[in-house]
Amino acid sequence: DAAHSQKRTERKRRQAGDTFLDHVIIHVRGGKGGNGCVAFHREKYVSMGPPSGGNGGRGGDVYILPTPELTTLGAIPKRTRGQPGAHGRGTWQNGRNTPPTIIKVPLGTVVRELPRDDPRRAKDVWEAEEEALEGLDADARRAKMLDSRWVHYPRSQDDNKHRDVFKQAEVALWREERERRWACMQRANHPVHLDLSEIERPVEDVNAPLALGKTEYLGHLITRGGGGGLGNPHFLSPINRSPKFATKGHDGERVTLELELKIIADVGLVGMPNAGKSTLLRALTGGRAKTEVASYAFTTLNPVLGVIRVADDGTFEGQLHAMNVFEETAVEEACRLEHAHAEEAHDPCSPSLDQFSILESFRFTIADNPGLIARASEDVGLGHSFLRSIERSHALAYVVDFAGPAPWDELAVLREELDKYQPGMSAKARLVVANKADLLGGDGDTSAVHAAREKLARLETYVQTEMGSMDVVPVSAKYGQNLKRVVGLMQGYVREAR
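Residues numbered from 1 in each chain as written. Predicted model: local features only at pLDDT ≥ 70, side-chain atom pairs only at ≥ 80, totals over all residues. Heavy atoms only, no water.

Asker: How do you make sense of the sheet that holds strand 7 (residues 193-196) when you look at a structure like this?
Answerer: Strand pairing in a sheet takes place through backbone hydrogen bonds and is either antiparallel or parallel in direction. Strand order in this open sheet of 5 strands is 3-1-10-5-7, and the pairing throughout is mixed. With partners counted over all chains shown, the strands left at the sheet margins are strand 3 (79-81) and strand 7, one partner each. Within the sheet, the average angular offset between the axes of one strand and its neighbour, ignoring direction, is 20 degrees. Direction of pairing for strand 1 (residues 23-29) relative to strand 3: parallel, over a ladder of 3 bridges. Bridge assignment links R29 to a residue of strand 3, and that residue is R81. (Pairing = 2+ DSSP bridges. Helix = DSSP H or I, 4+ residues; strand = E, 2+ residues; numbered from the N terminus. Axes fitted to C-alpha atoms, helices over the stretch in contact; angles between N-to-C directions.)

So this is what it looks like as structure tokens:
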């Protein structure tokens, strides 16, 4: 049921052509080792030289590395395999060890290895071999197993199978394989679990020699590549002077990983559809946040991250922006096209040049999430799986439609759904933003203004009695009114958490 719910939510998100993914399952396999070589040295005046087959190269390992350059899991391939090692060659030429493969993921990604009883997990090397041998008789099983493990000199396969030295080598190979299988079982007792919330740097040894080069940080090792096969000189002995067999390379490790992206935002916005969260984010960031604004529900299908930049005197970037009114996306786009050929540097319908960097003294991030409705835990609407993007937020801010009939009922639904997603998550809420306050008493009518004040007092009373100590701020995100107080409070929450 959980997997079906997740697929349904992702299908809803992709309806608008978005490629944002915050949950994906990938299959990772280490590179296969190269095969050993069966060869004999030949040169002038030496017609019967010694065995000279090289060993196979080691398969490539697979690492996972967090990077701030990515913001979605959509670019990560569902199947990743390390590069195979090169085969050994004659004249004692060993195969080349291949470089590692690095999977880059966004910061905030949680990596979990699926347990063995999970049906989504891919089979490991031993399980895949058992499945391939299923239904075969004993002779066919043995022949197929030998063919997958040994390399024979041309026209020597049948002769090798009856030689005692080959049988002894086969016993040694089975013993080594049993040890590798035991190591694989022990590794399953310690599954991969990584929380890639920050960029890690390797600690350099200050006592290392000066001539020792620096190694590049590759990230966290996920799967090891398979070892290379052994060339025929490895089987040279006093009783076997002409070994005509070598081993094939081993398969790399296989794991199935569940990647979950939890966006690292300082403040998360939570609200019902059409509460004005996207407009609020655009007003706070000065129009830099690329989020859709429209008059229909579920305009935002994926979390959007914005950066709030604040000066020493409390002025934030949105206040100095040339856009005085933040309209719907379609209206702003039409305005931008209308003034596309204007010569003025500061177009009233397009963002002004970035001149706030000189004044900036503090910044924090804020996440806008899709609308949350009642019964979202039952996958109604978009569900609430996207709330993983604000699990790590230092503070949450409820955004309610103050012009609606009962904004306090919206708060009750939002708090209930947060606790259903993660018990105790509503305790992070520190602020209630009563948006669209410009729709109440905006014409200056005395009775309308008095009714708006009474409604605000009732909302504050409800918050203090039912939800604890929280700040309530009426704002108009569309016209940028009273946002400086919101930014100041959010800045205080972030400073306290940091």
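Structure's up, so let's keep going.
Asker: What should I look at first to understand the packing of helix 8 (residues 407-421) against helix 9 (residues 446-466) in this one?
Answerer: Two numbers describe a pair of packed helices, the interaxial angle and the distance between the axes. Interaxial distance between helix 8 and helix 9 falls to 9 Å at its minimum, and their mutual angle equals 30 degrees. What the angle tells us is that helix 8 and helix 9 run roughly parallel. Viewed along their axes, helix 8 and helix 9 form a crossing whose handedness is right-handed. Counting all contacts with helix 8, which are made through P407, W408, L411, A412 and R415, the residues of helix 9 involved are K455, R458, L459, Y462, V463 and E466. Per-class residue counts for the contact of helix 8 with helix 9 are 7 nonpolar, no polar and 4 charged. (Parallel < 35°, antiparallel > 145°, perpendicular 65-115°, else oblique. Left-handed = near helix turned anticlockwise from the far one by under 90°. Contact = heavy atoms within 4.5 Å. Nonpolar A, V, L, I, M, F, W, Y, C, P; charged D, E, K, R; others polar.)

Asker: Looking at this structure, I do not really get the pattern of salt bridges. What am I missing?
Answerer: Opposite charge on two side chains makes pairing possible when the charged atoms of those side chains draw close. Considering all chains together, one arrives at 18 salt bridges under this definition. Where E129 meets R149, a salt bridge forms, and the shortest distance between an N and an O atom there is 2.8 Å. With E129 in helix 2 (residues 125-133) and R149 in the loop between helix 3 (138-147) and strand 6 (150-152), this residue pair connects regions lying 20 residues apart in the sequence. For R149, a relative accessible area of 8% gives the class buried. The salt bridge involving R142 is made with E170; its shortest N-O contact spans 2.9 Å. (Salt bridge = Lys/Arg side-chain N within 4 Å of Asp/Glu carboxyl O. Buried < 20%, exposed > 50% of the residue type's maximum accessible area, 1.4 Å probe, protein only.)

Asker: Sorry if this is basic, but what is going on with the sheet that holds strand 2 (residues 62-67) here?
Answerer: Sheet architecture is open: 3 strands sit in the order 4-2-8, paired in mixed fashion. On the outer flanks of this sheet lie strand 4 (101-106) and strand 8 (220-223), each paired with one strand and no other. Strand-to-strand twist across the sheet, computed as the mean angle between neighbouring axes with direction ignored, equals 35 degrees. Pairing of strand 2 with strand 8 involves 3 bridges; the strand directions are antiparallel.

Asker: So what exactly am I meant to see when it comes to the pairing of strand 12 (residues 304-311) here?
Answerer: Remember that side chains alternate between the two faces of the sheet whenever the strand is regular. By the criterion of burial, strand 12 is predominantly enclosed, with 6 of the 8 residues buried. Judged from the 8 bridges that link them, strand 12 and strand 13 (residues 360-368) form a sheet pairing that is antiparallel. Bridging from a neighbouring strand, V307 pairs with T365 of strand 13.

Asker: Got a minute to help me understand the side chain of N369 in this structure?
Answerer: Examined against the element boundaries, N369 turns out to sit in the loop between strand 13 and strand 14 (395-401). Accessibility expressed as a relative area gives 1% for N369, which makes it buried.

Asker: Any chance you could explain the packing of helix 2 against helix 3 here in plain terms?
Answerer: Between helix 2 and helix 3, the least distance of the axes is 10 Å, while the angle of their chain directions is 140 degrees. Comparing the axis directions of helix 2 and helix 3 gives the class oblique. For the pair helix 2 and helix 3, the sense of crossing is right-handed. Contact residues: E129, E130, A132 and L133 in helix 2; R141, K144 and M145 in helix 3. Looking at the contact of helix 2 with helix 3, its residues break down into 3 nonpolar, no polar and 4 charged.

Asker: Would you take a moment to explain unusual backbone geometry for this structure?
Answerer: Among all residues except glycine, the phi angle is most often negative; among peptide bonds, the trans geometry is most common. Even without being a glycine, W92 presents a positive backbone phi close to 60 degrees. Mapped onto the fold, W92 is located in the loop between strand 3 and strand 4. Judged by relative accessible area, which is 45%, W92 ranks as partly exposed. Despite not being glycine, N274 shows a phi value in the positive range, around 65 degrees.

Asker: It is not clear to me how the confidence of the model for the protein should be interpreted in this structure. Could you clarify?
Answerer: Do not read the predicted coordinates in detail wherever pLDDT is low. Per-residue pLDDT for the protein has a mean of 83; in total, 82% of the residues score no lower than 70. In the predicted structure, residues 15-19 sits below a pLDDT of 50 and forms 6 contacts with residues beyond four places in sequence or in another chain. Every residue in residues 343-353 is under pLDDT 50, and counting partners more than four places away or in other chains gives 18 contacts. (pLDDT = per-residue confidence, 0-100.)

Asker: Which parts of the structure should I look at to understand the environment of N97?
Answerer: For N97, the location among the structural elements is in the loop between strand 3 and strand 4. Since its relative accessible area comes to 51%, N97 is described here as exposed. It is 8.2 Å that separates the C-alpha atoms of N97 and G56, two residues lying 41 residues apart in sequence. When neighbours within four sequence positions are excluded, N97 is seen to be in contact with G57 and R58. Only 2.7 Å separates the side chain of N97 from the backbone nitrogen of R58, close enough to count as a polar contact. (Polar contact = N/O pair within 3.5 Å; in protein donor to acceptor, adjacent residues only side chain to side chain.)

Asker: Looking at this structure, how should I read the environment of E127?
Answerer: With respect to the helices and strands, the residue E127 is situated in helix 2. Setting aside residues up to four positions removed in sequence, E127 forms contacts with R116 and R121. Within the structure, the side chain of E127 is placed 3.0 Å from the side chain of R121, a separation counted as a polar contact.

Asker: What's the story with the nonpolar core in this structure? I'm lost.
Answerer: What tends to happen in soluble globular proteins is that the nonpolar side chains get buried as a cluster. Residues L280, L284, F364, I366, L431 and M490 are the most contacted members of the largest nonpolar core, which totals 28 residues. Only strand 11 (267-271), helix 6 (277-284), strand 12, strand 13, strand 14, strand 15 (429-435) and helix 10 (483-497) provide two or more residues apiece to this core. For this core, the element with the highest residue contribution is helix 10, accounting for 6 residues. (Core = buried A, V, L, I, M, F, W, Y, C linked by side-chain atoms within 4.5 Å.)

Asker: What is the right way to look at helix 9 in this model?
Answerer: Owing to its 3.6 residues per turn, the α-helix aligns residues three or four sequence positions apart on the same side. With 21 residues, helix 9 extends 30 Å between its outermost C-alpha atoms, agreeing within 8% with the 30 Å of an ideal straight helix rising 1.5 Å per residue. Three or more residues of helix 9 are buried, namely A452, K455, L456, L459 and V463. Along helix 9, the residues classed as buried sweep out an arc of 100 degrees about the axis, all on the same side. Opposite its buried face, helix 9 presents the exposed residues T446, S447, R453, R458 and T465, each directed more than 90 degrees away. Against the buried residues of helix 9 lie helix 8, strand 15 and strand 16 (471-474). Just downstream of helix 9, G468 is the residue with a positive phi angle, here 85 degrees. (Expected span 1.5 Å × (residues − 1). Arc of directions from axis to C-beta.)

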